[in-house]
Amino acid sequence: MKTFESLNPATGEVVGEFPVTSTKEVNEAVARAQVASDKWSQLSFRKRLVILKDWASLLTREINTAAELIHRETGKPVSDATLETAMAIEHISWAAKYAPKVLGSQNRPSGLLMFNLSAQVQRVPFGVVGVIGPWNYPIFTPMGSIAYALAAGNAVVFKPSEFTPAIGVWLEQTWQRIAPFADIFTVVTGTAETGVALTQSSVGKISFTGSTRTAKKVAAACAELMTPVVLECGGKDPVLVDKDADIKRAAEVTLWHAMSNAGQSCIGAERVYVHKDVADLFTRTIVELAEKIKPGYEDGANYGPATMPSQLKVIKSHIDDAVKRGGEFLVGDKNAVKGGYVQPVILRNVPEDSKAMTEETFGPTLVINTVRNMDEAVDLANATSYGLGAAVWSKRNGKKIASLLQCGMVSINSAFSFAAIGAVPFGGVKDSGYGRIHGAEGLLEFTYPRTVVKTKFNIPLHFTTFARTGFADKTIIRLINILHRRRR
Ligand code: NDP
């Protein structure tokens, strides 16, 4: 059996050795999951709720184990790993609780023409959902698909990133401790080939989180088999700071928004557009705060190393390009990328067409550019191929500005917060992907609608027959006139 190792990015320690699941084994896992999905989907919402709540409770009891493992495998601080796990638990609970309400059958009006029929829409799970996950939030991010797909009655086959297989396997082990029977939730470890195999298997739907580049390959593979997909890709999230904003708070939260998790967040702040009247104050405040934070693996470090070492080259190339093209360092310098770590970097006056402003950097870097007014800020915020999240800082105009942004999620006078609210959908537009996880939309995403109409009583007029009479034709004309003809 071929295996691969998962390494601690801070120490190089081997966290574990895991199988590279072959195409044949992926197909076998999906086939077993298909059998399990029949039984799982037939359980009542109430039974699934009890099982998912058991899982949430077990993960809560073992939150320290989860956090320690995430810390070792991604390098992020234990407290961040704990927060991530707590948010994942919240989502399991929300999905389980609201699945009956969101996914229960709905009666719909059948209309005057078909008044003798009842009409109903039922929500049907896809059977098996394949979840392909990233390494940056290895429990929280895939859970946005796993919990919602399970609550909707699907079985799940999960392929974690090759950088975080230990967490995926641990998650599967915790599930097995409360599962009523086998194969409802299976983890297949491996490299990109294992992910490819999952997209080419007979799953009913794929939910992918990762880069836009890989998302396009996943969508193309799924298109061949007409497998529907949810794509949760990267972003280039802007922060818009208006002149009436609480600048101290905006600076403090934006620094965390950009640098926490070493900047490895799809909804991390990458660009700030600040009103010229408050640009100096905002810049001074954020620089002062940034000078106090430091990366590291030990207790007290604010963020960890880059989890995926190849990202370091990308981060460096964005910094170099920005500076070469006129950007100025406010915090950090050309040597910010050192060893496996990136020191905080804040730049200003970076040209809008440089890599640092157009491509996802995924590092603890931030660009601050000054704008004349919020119209200009909105135009620049929208002038990107991405459209995931955004933050707006303004006491009076937050909602107005938010309504002008082309993206899936906006927080006003806060950052990141929508990700922790079970009730609201998470996802983007443009290169940031399509489809939604979380919220009612996330539950609906893992089912398809089945329309069922039924004859309630027979009437003497028959429209759907070759024996339709002239009287029936006249009745249709009469009814349609009553319904739709307007007097001139
Ligand atoms: P990828 O998009 O390549 O990987 C995401 C997941 O997809 C991983 O599980 C990966 O497996 C799997 N995968 C890779 N290729 C295929 C394929 N052809 N078919 C099916 N599955 C596949 O992201 P990376 O980890 O390489 O990160 C690259 C960049 O993506 C980052 O620098 C960052 O900009 C962005 N990113 C965005 C994330 C987000 O939250 N939106 C999360 C992670 C990354 P494996 O890991 O085994 O290769």
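Residues numbered from 1 in each chain as written. Predicted model: local features only at pLDDT ≥ 70, side-chain atom pairs only at ≥ 80, totals over all residues. Heavy atoms only, no water.

Turning next to the overall build of the protein chain. In terms of helices and strands, the protein chain carries 16 helices and 20 strands. Computed over C-alpha atoms, the radius of gyration of the protein chain comes to 26 Å, within 12% of the 23 Å expected from 2.2 N^0.38 for 488 residues, which places it in the range of a compact globule. For the protein chain, the spread of C-alpha atoms along the principal axes amounts to about 85 × 70 × 40 Å. Within the protein chain, buried positions represent 56% of all 488 residues. For the protein chain, long-range pairs separated by at least 24 residues make up 71% of all intrachain contacts whose partners lie at least 6 apart in sequence. Across the protein chain, the 55 positively charged side chains and the 46 negatively charged ones have centroids separated by 12 Å. (Helix = DSSP H or I, 4+ residues; strand = E, 2+ residues; numbered from the N terminus. Rg over C-alpha atoms; globule rule 2.2 N^0.38 Å. Buried < 20%, exposed > 50% of the residue type's maximum accessible area, 1.4 Å probe, protein only. Contact = heavy atoms within 4.5 Å. Lys, Arg positive; Asp, Glu negative; His and termini not counted. Charge placed at Lys NZ, Arg CZ, Asp CG, Glu CD.)

A few words on the packing of aromatic side chains. A full pass over the atoms with the stated rule returns 14 aromatic pairs. When the centroid spacing of 5.7 Å and the interplanar angle of 55° are considered together, the rings of Phe 126 and Tyr 448 count as tilted. Taken together, the positions of Phe 126 in the loop between strand 4 (117-125) and strand 5 (128-132) and Tyr 448 in strand 20 (residues 447-455) put the pair 322 residues apart, joining distant regions of the chain. You can call Phe 126 partly exposed: its relative accessible area is 22%. Taking 5.6 Å as the distance between ring centres and 85° as the angle between the ring planes, the aromatic pair formed by Trp 135 and Phe 362 counts as edge-to-face. Of this pair, Trp 135 sits in the loop between strand 5 and helix 5 (140-151) while Phe 362 sits in the loop between helix 12 (355-358) and strand 16 (365-371); the two residues are 227 residues apart in sequence, bridging distant segments of the chain. Under the relative-accessibility criterion, Trp 135 is labelled buried at 10%. An aromatic cluster is defined as three or more aromatic residues linked by ring pairs; in this entry it consists of Trp 40, Trp 55, Phe 158, Trp 175 and Phe 185. Geometry around Trp 40 places Arg 48 over its ring, the cationic atom sitting 6.0 Å from the centre. (Phe/Tyr/Trp six-rings, centres within 6.5 Å; stacked < 30°, edge-to-face > 60°. Lys NZ or Arg CZ within 6 Å of the ring centre and 35° of its normal.)

Moving on: the domain arrangement of the protein chain. Annotation of the protein chain at the domain level lists domain 1 (3-233 + 437-448) and domain 2 (237-419). With centres defined by C-alpha atoms, the gap from domain 1 to domain 2 works out at 30 Å. Contact with domain 1, which involves 23 residues of that partner, is made by 21 residues of domain 2. Counting each side, the surface lost to burial between domain 1 and domain 2 is near 1800 Å², with a carbon and sulfur contribution of 61%. (Domains from an automatic or database assignment. Buried area = accessible area lost by both parts, 1.4 Å probe.)

The full set close to the ligand counts 28 residues, and Gly 133, Trp 135, Glu 162, Ser 211 and Gln 311 are the nearest of them. Separating a nitrogen atom of the ligand from a backbone N or O atom of Cys 233 is a distance of 3.1 Å. Those elements that provide at least two residues to the shell around the ligand are helix 7 (192-199), strand 8 (205-209) and helix 8 (212-225). Residue classes in the shell around the ligand are distributed as twelve nonpolar, twelve polar and four charged. Residue assignment places the shell around the ligand across two domains, with domain 1 (3-233 + 437-448) and domain 2 (237-419) each supplying three or more. (Near = heavy atom within 4 Å. Polar contact = N/O pair within 3.5 Å; in protein donor to acceptor, adjacent residues only side chain to side chain. Nonpolar A, V, L, I, M, F, W, Y, C, P; charged D, E, K, R; others polar.)

Closest axis-to-axis distance for the helix 4 (residues 78-103)/helix 5 pair is 9 Å, and the angle between their directions is 20°. With respect to helix 5, the axis of helix 4 lies roughly parallel. The two elements helix 4 and helix 5 meet at a crossing, and its hand is right-handed. Where helix 4 abuts helix 5, its residues Glu 84, Met 87, Ala 88, His 91, Ile 92, Trp 94, Ala 95, Ala 96 and Ala 99 lie against Phe 140, Met 143, Ala 147, Tyr 148 and Ala 151. Residues that form the contact of helix 4 with helix 5 fall into these classes: twelve nonpolar, one polar and one charged. (Axes fitted to C-alpha atoms, helices over the stretch in contact; angles between N-to-C directions. Parallel < 35°, antiparallel > 145°, perpendicular 65-115°, else oblique. Left-handed = near helix turned anticlockwise from the far one by under 90°.)

Attention shifts here to the pattern of salt bridges. Considering all chains together, one arrives at 14 salt bridges under this definition. As a salt-bridge pair, Lys 76 and Glu 84 come within 2.7 Å of each other at their nearest N and O atoms. The class of Glu 84 is buried, set by a relative accessible area of 2%. Lys 276 is the partner of Asp 277 in a salt bridge, and the nearest nitrogen-oxygen pair spans 3.5 Å. By relative accessible area, Lys 276 is classed as partly exposed at 47%. (Salt bridge = Lys/Arg side-chain N within 4 Å of Asp/Glu carboxyl O.)

What follows concerns the nonpolar core. Formed by 67 residues in total, the largest nonpolar core has its most connected members in Trp 55, Ile 146 and Trp 175. The biggest single contributor to this core is helix 4, with eleven residues. There are two domains that each give this core at least three residues, and those are domain 1 (3-233 + 437-448) and domain 2 (237-419). In this structure Trp 175 touches Trp 40, Ile 51, Leu 52, Trp 55, Leu 150, Ile 184 and Phe 185, once residues within four positions along its chain are discounted. Judged by nonpolar contacts, the second largest core, of 29 residues, contains Ala 269, Ala 279, Val 287 and Val 331. (Core = buried A, V, L, I, M, F, W, Y, C linked by side-chain atoms within 4.5 Å.)

Looking now at helix 13 (residues 374-382). Residues of helix 13 that are buried: Met 374, Ala 377, Val 378, Leu 380, Ala 381 and Asn 382. Measuring from the backbone nitrogen of Asp 375 back to the side-chain oxygen at the start of helix 13 gives 3.2 Å, which picks out Asn 373 as the cap.

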